[in-house]
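# Descriptive analysis of the structure
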Amino acid sequence: MEWLCDTESGSPPRLWDHNITINTDNPDLTECFQKTILVWIPCVYLWVIFPLYFLYLRQTNRGYIRVTVLNRIKTGLGLLLWIVCWLDLFCSLAEVANNQARAAAYFISPLLLGVTMLLATFLIQYERLRGIQSSGVLFFFWLIIVICAVIPFRSKILGALNEDGVLDVFRFTTFYIYFALVLIQFFLCCFSEPPPYFSATSSDENPCPEVSAGFLSRLTFWWFTRMAIQGYKQPLEDKDLWSLNKDDRSDVVVPKLLHEWEKQKLKVKSKQEVFYTKCPPAYNMTDEEPHEAEALFPSKGDQKKPSFLIALCRTFGPYFLVGSALKLCQDLLSFVNPQLLNMLISFIKSQESRTWWGYSISFLMFLSAALQTLILHQHFQYCFVTGMRLRTAIIGAIYRKSLVITNSAKRSSTVGEIVNLMSVDAQRFMDLTGFLNMLWSAPLQICLALYFLWQYLGPSVLAGVAVMILLIPFNAVIAMKSRSFQVQQMQHKDSRIKLMNEILNGIKVLKLYAWEASFEQKVLAIRQKELNILKKAAYLNALSTFTWTTAPFIVALTTFAVYVTVDENNVLDAQKAFVSLSLFNILRFPLNMLPQVISGVVQATVSLKRLQNFLSHDELDPTSVERQKTATGFLSYIESQLLFALCCIRASCFLHARLLNQTLRCPAHYFELTPVGRILNRFSQDMETIDDRIPACVEDLLLCFFDVLSTVLVLAYSIPLSLLPSVPIACLYFSLQRFYVATSRQLKRLESVSRSPIYSHFSETITGSSVIRAYGRQNNFILMNDNKVDANQKSYYPGIVSNRWLGIRIEFIGNCIVLFAALFAVIGRAHLNPGIVGLSVSYALQVTMSLNWMVRMTSDLESNIVAVERVKEYSETETEAAWVIESNRPPESWPQAGNVEFKGYSVRYREGLDLVLKGLHLNVHGGEKVGIVGRTGAGKSSMTLCLFRIIEAAEGEIIIDGVKIADIGLHDLRSKLTIIPQDPVLFSGSLRMNLDPFNQYSEDEVWKVLELSHLKQFVNSLPAKLEHECSEGGENLSVGQRQLVCLARALLRKTRILILDEATAAVDLETDDLIQSTIRTQFENCTVLTIAHRLNTIMDYTRVLVLERGRIAEFDTPSNLIAQKGIFYNMAKDAGLA
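Residues numbered from 1 in each chain as written. Predicted model: local features only at pLDDT ≥ 70, side-chain atom pairs only at ≥ 80, totals over all residues. Heavy atoms only, no water.

With that settled, the discussion passes to the sheet that holds strand 4 (residues 953-960). The strand order across the open sheet built from four strands is 2-1-4-5, with neighbouring strands paired in antiparallel fashion. Sheet topology places strand 2 (915-924) and strand 5 (963-964) at the edges, where each strand pairs with a single neighbour. Pairing between strand 1 (residues 900-908) and strand 2: six bridges, direction antiparallel. Looking at the pairing, valine 907 lines up with leucine 917 of strand 2. Against the sheet, helix 31 (residues 940-947) contacts strand 1, strand 2 and strand 4, and its axis sits at roughly 70° relative to strand 2. (Pairing = 2+ DSSP bridges. Helix = DSSP H or I, 4+ residues; strand = E, 2+ residues; numbered from the N terminus. Contact = heavy atoms within 4.5 Å. Axes fitted to C-alpha atoms, helices over the stretch in contact; angles between N-to-C directions.)

Structure below.
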């Protein structure tokens, strides 16, 4: 080594010396090592990474950054460092010129270091020109340099003290100048440059600080701290939220997925075309042997469908794989601490070990855990951002597809089902991506843990492996059953949401017919099926949780038992036991997570199939769109789990029933003011949260709490000194918790508030998709949807960042607990048993995750409990009058005559609005036929709503056959009146259900009214006849047929009073004539009030009521009114009737 380094204290140079570095109470590295390896390490790092980084920078152009003061200082310092390094080189050259021999290290190291400083300075400027605000590559470069310089920094001071002076003053001085400069460079590297010119960030009103944050800030999520403090001090508002990063926006993410999806569709289409081209002509053309032809060459419907999964992977896979790589690093690092624990116990056992070695192990455990924390949360960030983009893209794809699917496809996927695709299925994909890597990570961790266990326990580990293998088929059965339950539950949920959507859209009709109770029972029947599945799933989940929770314990117990029994020489000492237990504790997380991830994958496969089927529906071609424009222990555990689960299910059942009951009893104006999507969200997303997430949160919170409590008790018993820092740690922990919980809860609230408009807008879009296409406004509506999704993700993104922010800080606290447990074990090793040390440190190592999870579960519980609050809020809304008042029920035969009297009647739609009817006084005698006419806004429809008490009187009263309608129950009133409304609303279900939902009438009576309403021939021609299934909104019937069904309803009920609210406005003249003739014959003795759409239909009526601005303008026989030549005369003249 003489050619490389000088002699040291008269002895030959050595790169490594155990006596200097290991076997001493004052460890150091050899001077040769310091002058070579420590200098070369950062240089090698930068030169190795430079080619790849340079290529990356060439492909990345974010605009250039102006030359700032920070940039000038960093560049100047880089040049100074180059000068300082080469001053050492020139000094060596001068010494050689003066015949003073110097080893190669004096030339190689300063030359290499100086050139590397020039490279670093070049990168500082090149990054500025490419718009890089903060460099991770240079951050690690300066960090490595500082770490490598700390050792000679200490050595030179100790050398100067030991030798009473400095031997080489020039190099001593240049080194400390160099050290000061690299320290300043490292400090400056933690700050970021301003945004580049011409970037999207510079024009943004409230850009996300992540974009301009320094590398260290991004690594630790420090940039989120400002929002955490703001959320703690005051409630967050929408204006406080940052803009969404460009790569996360809908206009970027959705087109990428749709592009890949189109490629998949074209790929499958081209394969099918090739397949059919190659079919033998005999099978393509002949009608002979059809069965054989079908068997050999299946129909197009049987061919392979395009893969939505491949489209997702190609779109989001590369970004997700970065997170996967980070997960691999974290998995490997997780096995470092058990090895360090082994070293620590060996240190405690050996009284000859150097004290500095114990401290080194303690700090290495801390650094290893801290590095794991940083890497793990960067991994989660990549995964959760992928999940967020997945949800955005899936919602965007569903929305765009819903605008172009054919009517037949639309009938096969109802609004409720499509809303579920957007709310539940897209959410499942987003939730899964956070833990999807566990599919490969869990088996890897299990294999590595078993490998290391083999080193300590030998073949005995195979006993534990056998237990795990035996558990696989058991859990496979559970997973299959879970999938089955999941499919069933989703089907019931779809049915319930579909029915709720119909109820909310047709609520006015339900109230007019007094059918709320019937439909309430239908919803509750579906809900009961859903709850039955939930109960079965709860039993299954309890069994699965018990199995996987006890699996590490059973595996460890089996392994230890076999180890001590197979060979009497096998002694299970503290070292083997606790190092093995720390490895078994590593096994616990993958063993616990694997079934959950498998369950999530099972749910996602169900969702994937549903999404794939929907996105594969037939689309309208451009020409048709154009046409449209014109036209024991185990048992007790299980019991406790199910007792808890069944209590949650009972609570969920109560909350849903109460919400449904209250919603159906809300006044009509409530549904006009509250978007349907918002109400629907209570029944879908919020009920799912109450069904699934809240019980899981409570269960996890309790488990984490007892984990932390047990760790504290173990530490208090084994190493009481380790509790000394517990007070400041506890204060820091609870401070972080309060900051996080306050902010997280508000972000969850904002996210929830911004979620409802997505579904509301989507419901409206589906309903009016044909109109949107007819006017060619698809792009406008797509833009509106994208903006609503982005607004929602704008509040979701800070939520996932807050979890990372919290996780790093809470796990840092947990890592401090590990550090203090190890340090105090080293300090008190003289009187501590190795077993006690192993017990305490192994417990401390596993507390980190529990601490983090406990805060997360507390926050999730507080956030998710908002769902309960919202459901409770919607369960306490204003209600209309009682449906039935037992103490004041009208006679069964009421009304007998059909007299209707308005006395000084005035009404407004709701408080604060103007009167729409003002002081009406009129008396309609039983059997009279009264036509009601007037210009738009005169108050015609308001009169019918008043009769049914859809809106309540402001003044005066309505009396029917001597009974004040305000004094009786709404259902007693509404069930005694008959209406044929303007909009013929039908519900999905059988035709008979649409006529008689309470099954009050016989089949003969139903067929009779079908005959009278001219529908008998049509219904007879249907294969299922009365059980013919009507699609959502009755879309598989024509408008005329739907109106005739409404006529049949009126005939079936046939009360003494009939109201027609422009009943024939939407039908052709032929259907109008059919309806009018039926009414004249079948309701001859009834009181008929008709809001006339065509004046010719009321010219033979007893009297005509003319309304103007909410008042009675004229009221007389048609002939008298024409003779008076007033308002009615002018209307009749315009219609060519006068």
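Across its 19 residues, helix 17 (residues 415-433) extends 27 Å between first and last C-alpha, which sits within 8% of the 27 Å expected from 1.5 Å per residue. Considering bend angle alone, the principal kink of helix 17 is centred on leucine 421 and spans about 35°. (Expected span 1.5 Å × (residues − 1). Bend = angle between axes of the 7 residues up to and from the residue.)

Let's shift gears to the packing of aromatic side chains. Tallied over the entire structure, the rule returns 45 aromatic pairs. Residues phenylalanine 172 and tyrosine 176 carry aromatic rings whose centres are separated by 4.7 Å and whose planes lie at 55° to one another, so their mutual orientation is tilted. Of the two residues, phenylalanine 172 and tyrosine 176 both sit in helix 7 (residues 169-189), four residues apart, roughly one turn of that helix. Put simply, the rings of Phe153, Phe172, Phe175, Tyr176, Tyr178 and Phe179 touch in pairs and so form one group of aromatic residues. Taking the ring centre of tyrosine 106 as reference, the NZ or CZ of arginine 102 above it sits at 4.5 Å. One residue, lysine 156, lies across the ring of phenylalanine 175, its end atom 5.3 Å from the ring centre. (Phe/Tyr/Trp six-rings, centres within 6.5 Å; stacked < 30°, edge-to-face > 60°. Lys NZ or Arg CZ within 6 Å of the ring centre and 35° of its normal.)

In this section: a nonpolar patch on the surface. Taken together, the side chains of Leu80, Ile83, Leu87, Phe90, Leu93 and Phe170 present a nonpolar region at the surface, about 530 Å² in accessible area. Per-element tally for the nonpolar patch: the top contributor is helix 4 (residues 69-97), with five residues. On the secondary structure map, phenylalanine 90 appears in helix 4. By relative accessible area, which is 48% here, phenylalanine 90 ends up partly exposed. (Patch = residues over 30% accessible without salt bridge, like charges linked within 9 Å, V, L, I, M, F, W, Y side chains within 5 Å. Areas by Shrake-Rupley, 256 points an atom, 1.4 Å probe, with all protein chains shown as cover. Salt bridge = Lys/Arg side-chain N within 4 Å of Asp/Glu carboxyl O. Buried < 20%, exposed > 50% of the residue type's maximum accessible area, 1.4 Å probe, protein only.)

Considering all chains together, one arrives at one disulfide under this definition. The disulfide bridge from cysteine 5 ends at cysteine 32, spanning 2.0 Å between sulfur atoms. Since a negative S-S torsion denotes a left-handed disulfide, the cysteine 5-cysteine 32 link at about 60° is right-handed. Of this pair, cysteine 5 sits in the segment before helix 1 (18-21) while cysteine 32 sits in helix 2 (residues 31-35); the two residues are 27 residues apart in sequence, bridging distant segments of the chain. For cysteine 32, a relative accessible area of 1% gives the class buried. Of the cysteine sulfurs around cysteine 43, a residue in no disulfide, the closest is that of cysteine 85, at 8.0 Å. Here cysteine 208 stays unpaired: no disulfide links it, and the sulfur of cysteine 383, its closest cysteine neighbor, is 19 Å away. (Disulfide = S-S within 2.5 Å.)

Moving on, we get to empty space enclosed by the protein. In this structure, the largest cavity encloses a volume near 150 Å³. Contributing to the lining of the largest cavity are 15 residues, with Lys74, Ile124, Glu127, Ser135 and Leu138 lying nearest its centre. When its residues are assigned to classes, the lining of the largest cavity shows six nonpolar, five polar and four charged. Taken as a whole, the second largest cavity spans an internal volume of roughly 80 Å³. The wall of the second largest cavity is formed by Gln685, Asp686, Thr689, Arg693, Lys748, Ser752, Arg755, Ser863, Asn864, Val866, Ala867 and Arg870. A per-element tally of the lining of the second largest cavity places helix 30 (residues 834-874) first, with five residues. (1 Å grid on protein atoms, 1.4 Å probe; cavity = no way out; pocket = protein on both sides within 12 Å on 5 of 7 lines; lining within 4 Å. Points joined across faces, edges and corners; volume = space filled by probe spheres on them. Nonpolar A, V, L, I, M, F, W, Y, C, P; charged D, E, K, R; others polar.)

The next thing to look at is helix 37 (residues 1069-1082). In an α-helix there are 3.6 residues to a turn, and that puts residues three or four apart on one side. In this model helix 37 runs 20 Å from its N-terminal to its C-terminal C-alpha over 14 residues, within 8% of the 20 Å that 1.5 Å per residue would give. Among all positions in helix 37, only Thr1071, Asp1072, Ile1075, Gln1076, Thr1078 and Ile1079 are buried. Buried residues of helix 37 fall within an arc of 160° about the axis and therefore sit on the same side. Seen from the open side of helix 37, the exposed residues pointing more than 90 degrees away from its buried face are Leu1069, Glu1070, Asp1073 and Thr1081. Lining the buried residues of helix 37 we find strand 6 (978-980), helix 34 (1003-1012), helix 36 (1039-1053) and strand 9 (1057-1061). (Arc of directions from axis to C-beta.)

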